[in-house]
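Notes for the structure review
Each chain, written out:
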Amino acid sequence: MSIPWYYLLAYILFGVLLLWIFDKRQIIKSKTLRYFTVIFVYTLLCWGIYDLVLT
């Protein structure tokens, strides 16, 4: 996989921001489920955006 480093940085920063928002608001009470949900959702979002931008 040869993507520029700033795509990975944006991916990580978006995930941290989303996780911080979910932690702050306590949207999902279970911490394990909250982490799994956030990682799954932001991975799909970033993958979709990345795919749309490059095609």
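Focus on a nonpolar patch on the surface
Nonpolar side chains collect at one region of the surface, where F14, L33, F36, F40, V41, L44, L45, W47, I49, V53 and L54 lie side by side and expose about 1,100 Å² of accessible area between them. In terms of residues, the nonpolar patch owes the most to one element, helix α2 (residues 31-54), which gives 10 residues. Following the sequence through the fold, V41 ends up in helix α2. The partly exposed category is assigned to V41, whose relative accessible area is 36%.

Some thoughts on the side chain of R34
Tracing the sequence through the fold places R34 in helix α2. A residue is classified by how much of its surface remains accessible, and R34, at 4% relative accessible area, is buried. Apart from the residues within four sequence positions on either side, R34 is in contact with F22, D23, Q26, I28 and K29.

What to know about the pattern of salt bridges
The final tally for this structure, using the stated rule, is one salt bridge. D23 is paired through a salt bridge with R34; the nearest N and O atoms lie 2.7 Å apart. Of the two residues, D23 sits in helix α1 (residues 5-25) while R34 sits in helix α2, which places them 11 residues apart along the sequence. Under the relative-accessibility criterion, D23 is labelled partly exposed at 24%.

Rules and cut-offs
- Residues numbered from 1 in each chain as written.
- Predicted model: local features only at pLDDT ≥ 70, side-chain atom pairs only at ≥ 80, totals over all residues.
- Heavy atoms only, no water.
- Patch = residues over 30% accessible without salt bridge, like charges linked within 9 Å, V, L, I, M, F, W, Y side chains within 5 Å.
- Areas by Shrake-Rupley, 256 points an atom, 1.4 Å probe, with all protein chains shown as cover.
- Salt bridge = Lys/Arg side-chain N within 4 Å of Asp/Glu carboxyl O.
- Helix = DSSP H or I, 4+ residues; strand = E, 2+ residues; numbered from the N terminus.
- Buried < 20%, exposed > 50% of the residue type's maximum accessible area, 1.4 Å probe, protein only.
- Contact = heavy atoms within 4.5 Å.

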